[in-house]
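Descriptive analysis of the structure
Take a look at the letters that make up each chain.
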Amino acid sequence: MRDRVVQTACKLVVEPVFEADFDSHSYGFRPKRRAVQAVKEIESLIKQGYVEVLDADISRYFDSIPHKKLLAKIERRISDRKIINLIKSWLKCSVAEPTESGKWRIAGEKSNRYGIPQDGVISPLLANIYLHDLDDSFFNDEDGPGKDGEHILIRYADDFIVLSKQLDSGVKGWIQQKVEALELTLHPVKTRQINVRRESFTYLGFKFSYQRSLYFQGSYYLVIEPRDKSLKALMERLSFTVNRWRRSGLDSIIQNVNKILIGWKAYFGAIGYPRRIFRKINAYILERFYFWSRHLSQ
């Protein structure tokens, strides 16, 4: 608890210094910025004709950040050695992580030179600091694809996409070169180039696709809705909640289910066409409560 308090205090002091530099197209873990804002910008760009998308994915980003390069980027804006040493101590501390077998392992030691703790309060800020140079180079370098406005990079932490009306064949190579210079690796399978009018893609829990209009023959429109994986995760959570509070009575079950639904609807109901998915959720909830009632003794 003391450690998290100190991390929060450090973040409050350091964050405004770097916020002055961060790009407007970066949305992840920043004050007054949310994932839905990134989704709305993507929607606006696609409707303007930016339909060619490079969906990029960095393999094991948080585990791959080199400490030396990260600290060098921090030292460009922070000169206080006490702050630098404090951040360095968080990078070097050991972290207990659960394994697939259910046991625990200790990761990160003083000799470790890579990775930042994913659950640390200050870790998202450090992740943004390290990838800021990618944003800056993309829009401001002489050879940057986004310098002329024909390519737009939208980033949420380590998850980013590039949108364009006509995606240049060299953009992927340019990004790969920059990412490798940061000692990171693009995922060879998950990184792909598509045209959203012909193929769907997912980003930040949403699915983007073009579907045929039921009212205008030969017409298509952009559909943004919760992706199947997000829906499945919600249903599993609802099922677990109903089963967990089964013996607590109907009021307790309703209260706990509503907490989940209110948060889910606030995120996925803010944009796009969620009605089809919401109808599925309603049917699933009715089914869960029906089976709950069947198990009552009377």
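Attention shifts here to a nonpolar patch on the surface. Taken together, Leu214, Tyr215 and Phe216 make up a surface patch of nonpolar side chains, about 490 Å² in accessible area. Among the structural elements, Phe216 can be located in the loop between strand E8 (206-212) and strand E9 (220-226).

Glancing now at the packing of aromatic side chains. According to the stated counting rule, one finds twelve aromatic pairs in the structure shown. Here the aromatic rings of Phe138 and Trp174 are separated by 5.8 Å at their centres, their planes lie at 75 degrees, and the arrangement is edge-to-face. Of this pair, Phe138 sits in helix H6 (residues 123-140) while Trp174 sits in helix H7 (residues 171-181), and the two are 36 residues apart along the sequence. Across the pair, exposure class does not vary: Phe138 and Trp174 are buried alike. For the ring pair Phe201 and Phe208, a centre distance of 4.8 Å and an interplane angle of 5 degrees mean the geometry is stacked. The same class applies to Phe201 and to Phe208, which are both buried. Through a chain of ring-to-ring contacts, three or more aromatic side chains come together here, namely Phe206, Trp264, Tyr267, Phe268 and Phe278. Lying over the aromatic face of Tyr27, Arg33 brings its terminal NZ or CZ to 4.9 Å of the ring centre. Note that Lys73 overlies the ring of Tyr130, its terminal NZ or CZ placed 5.3 Å from the centroid.

On to the pattern of salt bridges, then. Tallying each qualifying case throughout the model produces 13 salt bridges. Note that Asp141 is salt-bridged to Lys178, the shortest N-O span being 3.7 Å. Of this pair, Asp141 sits in the loop between H6 and strand E4 (151-156) while Lys178 sits in helix H7; the two residues are 37 residues apart in sequence, bridging distant segments of the chain. By relative accessible area, Asp141 is classed as partly exposed at 24%. For Lys178, a relative accessible area of 25% corresponds to the partly exposed category.

A few words now on the packing of helix H1 (residues 2-19) against helix H5 (residues 81-92). Between H1 and H5, the least distance of the axes is 12 Å, while the angle of their chain directions is 135 degrees. With respect to H5, the element H1 is oriented oblique. In terms of crossing hand, the pair formed by H1 and H5 is left-handed. From H1, Asp3, Val6, Gln7, Cys10 and Val14 reach across to H5, where they touch Ile83, Leu86, Ile87 and Trp90. Classifying every residue of the contact of H1 with H5 by side-chain character gives seven nonpolar, one polar and one charged.

The terminal C-alpha atoms of helix H8 (residues 228-244) lie 24 Å apart, and with 17 residues this matches the ideal 24 Å at 1.5 Å per residue to within 8%. Buried-residue contacts for H8 involve helix H9 (250-268) and helix H10 (275-294).

Strand order in the open sheet formed by four strands is E4-E5-E1-E6, and the pairing between neighbours is antiparallel. A single partner strand is all that each edge strand has here, and the edge strands are E4 and strand E6 (192-195). Neighbour to neighbour, the strand axes of the sheet diverge by 20 degrees on average, direction disregarded. Alignment of strand E1 (residues 52-57) against strand E5 (residues 159-164), held across six bridges, turns out to be antiparallel. Counterpart to Asp57 in the pairing with E5 is Asp159. The sheet strands contacting H6 are E4 and E5, and the helix crosses E4 at an angle near 170 degrees.

As a packed pair, H8 and H9 sit with axes 9 Å apart at the nearest point and diverge in direction by 165 degrees. By the angle class used here, H8 and H9 are roughly antiparallel. Considering how the two elements wind past one another, H8 and H9 form a crossing that is right-handed. Residues Ser230, Leu231, Leu234, Arg237, Leu238, Thr241 and Val242 of H8 touch H9, and the partners they reach there are Ile253, Asn256, Val257, Ile260, Leu261, Trp264 and Phe268. Within the contact of H8 with H9, the residues separate by chemical class into ten nonpolar, three polar and one charged.

Tracing the sequence through the fold places Ser26 in the loop between H1 and helix H2 (35-47). There is a polar contact of 3.2 Å between the side chain of Ser26 and the side chain of Arg155.

If you look at the biggest cluster of nonpolar residues, it comprises 84 residues, and the most contacted ones within it are Ile46, Ile74, Ile154, Ile175, Phe201 and Phe208. The biggest single contributor to this core is H6, with nine residues. Leaving out residues up to four positions away in the same chain, Phe201 has contacts with Ile42, Ile46, Val53, Ile161, Arg192, Ile194, Val196, Phe206, Lys207 and Phe208.

Conventions used here
Residues numbered from 1 in each chain as written. Predicted model: local features only at pLDDT ≥ 70, side-chain atom pairs only at ≥ 80, totals over all residues. Heavy atoms only, no water. Patch = residues over 30% accessible without salt bridge, like charges linked within 9 Å, V, L, I, M, F, W, Y side chains within 5 Å. Areas by Shrake-Rupley, 256 points an atom, 1.4 Å probe, with all protein chains shown as cover. Salt bridge = Lys/Arg side-chain N within 4 Å of Asp/Glu carboxyl O. Helix = DSSP H or I, 4+ residues; strand = E, 2+ residues; numbered from the N terminus. Phe/Tyr/Trp six-rings, centres within 6.5 Å; stacked < 30°, edge-to-face > 60°. Buried < 20%, exposed > 50% of the residue type's maximum accessible area, 1.4 Å probe, protein only. Lys NZ or Arg CZ within 6 Å of the ring centre and 35° of its normal. Axes fitted to C-alpha atoms, helices over the stretch in contact; angles between N-to-C directions. Parallel < 35°, antiparallel > 145°, perpendicular 65-115°, else oblique. Left-handed = near helix turned anticlockwise from the far one by under 90°. Contact = heavy atoms within 4.5 Å. Nonpolar A, V, L, I, M, F, W, Y, C, P; charged D, E, K, R; others polar. Expected span 1.5 Å × (residues − 1). Pairing = 2+ DSSP bridges. Polar contact = N/O pair within 3.5 Å; in protein donor to acceptor, adjacent residues only side chain to side chain. Core = buried A, V, L, I, M, F, W, Y, C linked by side-chain atoms within 4.5 Å.

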